[in-house]
Amino acid sequence: MNLEAAKAKLAEFGQEHVLKYYEELNDNDKKALLTQIDETDMSILAAALNPDKAPSKGVISPLPCMELNEIKANEESFRKTGLKAVKEGKVGAVLLAGGMGTRLGSDNPKGMYNIGITHDIFIFECLINNLMDVVKEADAYLHLFVMTSEKNHDATTGFLKEKNYFGYPEEYIHFFKQEMAAATDYNGKIYLEEKGRMATSPNGNGGWFISLMRAGLLDKAKEWGIEWFNIFAVDNVLQRIADPVFVGATIEKNCCVGSKVVRKSAPDEKVGVMCLEDGKPSIVEYYELTDELMNAKDEKGDPAYNFGVILNYLFDIEELERIVKEELPLHVVEKKIPYLDEKGELVKPEEPNGYKFENLVLDMIHQMRSCLPFEVVREKEFAPIKNKTGVDSVESARKLLEANGVTL
Ligand code: UTP
């Protein structure tokens, strides 16, 4: 894109200030900025002017969950079916590690966080250890796909290489980068993070499948015989990955996606809950849950919306390919965004100062034809690390890890 075209594009979206320092830049930086302007989708930024407009929901009704007693009664069969799929190489694991982890407040990728007390043990290491459980049980390695973003790719790949992938064979690990989106102030104006660079933020975890596909890894996965992707968050250090019982249950129930869920600890707990929306599987976020839904009961008299998602899903690849062209809703999220101030100096804000724009994986559930919510025991499988202290923190995760026999 040349300068004239860039000016025209910026004028169309009211972003002319992006060229404020253009004349000060060297030729390479000028070229890089023009390319960035060319590649940035500015049509989404208008959403900043209407940030509270959550995508509207349809008619919500309960989606029955497979609860622990049913899982226990069928465990042998589920395990056999799931293990067979894992042994045959039909399950790939996808680690979503492109987020910025701003709440944890570390400059490094979240997976590099050392949660050890008496010895080093990193978040990535916990996840590899968990993955090794199924490798040992199935006596077969699984392909592990790791999503990073341009902000943390080099640090992530460098760290894992230096640590020799915590013993996992390198040929089974495949990295891919997610896309970025511009980040703006509260008026939808794009921040500059350098004189020749607009501020960007990873575009949410909902873009994982498109990014994996663009990186050429879907074709490879299919060549290797993978039929299911188990996607999981970087920050739940207790989660079971490619859990054979979960895999087997999803296959036996003939569902396009399985979703691990925990029983809510209180009706107003801040987790998204599984439901049907206009008859299709969906997730209602806690802030969308009306009092009526919160107090609704199912036919057994239990709370009808009682199972929260923990970002561990098993997707059928064929179904993912079917929905890949469907658009996901855009979420406008308040964030701390480093920016150049009036004097051209970099500021790292202590408080949120603008918006990033994201697609979320939870919205993909609504595109699926069927979904199995699969209950897991919270104390055994859910130890998210979002903050340093308090709820969902390094502190709380340490306690849970220790309770599960991990020496820290
Ligand atoms: P979070 O919602 O916790 O976001 O991500 P975050 O960016 O990591 O953390 P905060 O909000 O800034 O503190 C849930 C999961 O989705 C991944 C994260 O890495 C984590 O595994 N994620 C999130 C991505 O892979 N890409 C994104 O753009 C956002």
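Note that the structure is a prediction, hence the values are computed from the model and not measured.

Things to note about the pairing of strand 3 (residues 144–148)
Here is step 1 of the chain: Across the five residues of strand 3, five count as buried, placing the element largely inside the fold.
Here is step 2 of the chain: Across the two faces of strand 3 the burial is the same, with Leu144, Val146 and Thr148 and Phe145 and Met147 all buried.
Here is step 3 of the chain: Bridge count between strand 2 (residues 91–96) and strand 3: four bridges; the pairing is parallel. Across the sheet, alanine 93 pairs through a bridge with leucine 144, a residue of strand 3.
Here is step 4 of the chain: Handedness of the crossover is the feature at issue here: the chain leaves strand 2, passes through helix 4 (residues 123–138), returns alongside strand 3, and the resulting connection is right-handed.
Here is step 5 of the chain: Both strand 3 and strand 4 (residues 173–177) contribute to a ladder of five bridges, which runs parallel. Opposite phenylalanine 145, over in strand 4, you have histidine 174 as the bridge partner.
Here is step 6 of the chain: The handedness of the strand 3 to strand 4 crossover, carried by helix 5 (residues 153–162), is right-handed.

With respect to the site of the ligand
Here is step 1 of the chain: Around the ligand, a shell composed of 20 residues is seen, among which Leu96, Thr102, Gln178, Lys335 and Lys386 lie nearest.
Here is step 2 of the chain: Between an oxygen atom of the ligand and a main-chain N or O atom of glycine 99, the distance comes to 3.0 Å.
Here is step 3 of the chain: The backbone of glycine 101 places a nitrogen or oxygen atom 3.4 Å from an oxygen atom of the ligand.
Here is step 4 of the chain: The fraction of the free accessible surface of the ligand (560 Å²) that becomes covered by protein chains is 90%.
Here is step 5 of the chain: Residues belonging to the shell around the ligand are distributed by class as follows: eight nonpolar, seven polar and five charged.

Digging into the pattern of salt bridges
For side chains of opposite charge, pairing can occur when their charged atoms come near one another.
Here is step 1 of the chain: Scanning the entire structure with this criterion turns up 29 salt bridges.
Here is step 2 of the chain: For glutamate 88, the salt bridge is made with lysine 90, and the minimal N-O distance between the two is 3.0 Å.
Here is step 3 of the chain: Residue lysine 90 is classed as partly exposed on the basis of its relative accessible area of 25%.
Here is step 4 of the chain: Salt bridges here are not isolated pairs; linked through shared partners, they connect Glu67, Arg263, Lys300 and Glu375.

Observations regarding the packing of aromatic side chains
Here is step 1 of the chain: Under the definition given, this model contains 16 aromatic pairs.
Here is step 2 of the chain: With a centroid separation of 5.2 Å and an interplanar angle of 90°, the aromatic rings of tyrosine 141 and tyrosine 168 are classed as edge-to-face. Placement of the pair is tyrosine 141 in the loop between helix 4 and strand 3 and tyrosine 168 in the loop between helix 5 and strand 4, with a sequence separation of 27 residues.
Here is step 3 of the chain: Judged by its relative accessible area of 36%, tyrosine 141 is partly exposed.
Here is step 4 of the chain: Owing to a relative accessible area of 2%, tyrosine 168 belongs among the buried residues under this scheme.
Here is step 5 of the chain: Cluster of aromatic residues (ring-pair linked, three or more members): Phe145, Trp208, Phe209, Trp224, Phe229, Tyr313 and Phe315.

Re the nonpolar core
Here is step 1 of the chain: Of all hydrophobic cores here, the largest spans 61 residues; its most connected members are Ile115, Leu144 and Tyr168.
Here is step 2 of the chain: Here this core takes 10 residues from helix 4, the largest share from any one element.
Here is step 3 of the chain: Counting 38 residues, the second-largest nonpolar core is a separate cluster that includes Leu212, Ile226, Ile323 and Leu362.

Thoughts on the environment of glycine 225
Here is step 1 of the chain: Residue position: glycine 225 is located in the loop between helix 7 (217–223) and strand 9 (228–233).
Here is step 2 of the chain: Here the alpha-carbon distance between glycine 225 and lysine 90, two residues 135 residues apart in the chain, equals 5.7 Å.
Here is step 3 of the chain: If near-sequence neighbours (up to four positions away) are discounted, glycine 225 is found in contact with Gly89 and Lys90.

Details of helix 2 (residues 27–39)
Here is step 1 of the chain: Compared with an ideal rise of 1.5 Å per residue, which puts 13 residues at 18 Å, helix 2 spans 18 Å between its outermost C-alpha atoms and is within 8% of the ideal.
Here is step 2 of the chain: Close packing links the buried residues of helix 2 with helix 1 (3–12), strand 7 (197–198) and strand 8 (200–202).

About the cut-offs
- Residues numbered from 1 in each chain as written.
- Predicted model: local features only at pLDDT ≥ 70, side-chain atom pairs only at ≥ 80, totals over all residues.
- Heavy atoms only, no water.
- Buried < 20%, exposed > 50% of the residue type's maximum accessible area, 1.4 Å probe, protein only.
- Helix = DSSP H or I, 4+ residues; strand = E, 2+ residues; numbered from the N terminus.
- Pairing = 2+ DSSP bridges.
- Right-handed = clockwise from strand over helix to strand, strands pointing away.
- Near = heavy atom within 4 Å.
- Polar contact = N/O pair within 3.5 Å; in protein donor to acceptor, adjacent residues only side chain to side chain.
- Areas by Shrake-Rupley, 256 points an atom, 1.4 Å probe, with all protein chains shown as cover.
- Nonpolar A, V, L, I, M, F, W, Y, C, P; charged D, E, K, R; others polar.
- Salt bridge = Lys/Arg side-chain N within 4 Å of Asp/Glu carboxyl O.
- Phe/Tyr/Trp six-rings, centres within 6.5 Å; stacked < 30°, edge-to-face > 60°.
- Core = buried A, V, L, I, M, F, W, Y, C linked by side-chain atoms within 4.5 Å.
- Contact = heavy atoms within 4.5 Å.
- Expected span 1.5 Å × (residues − 1).

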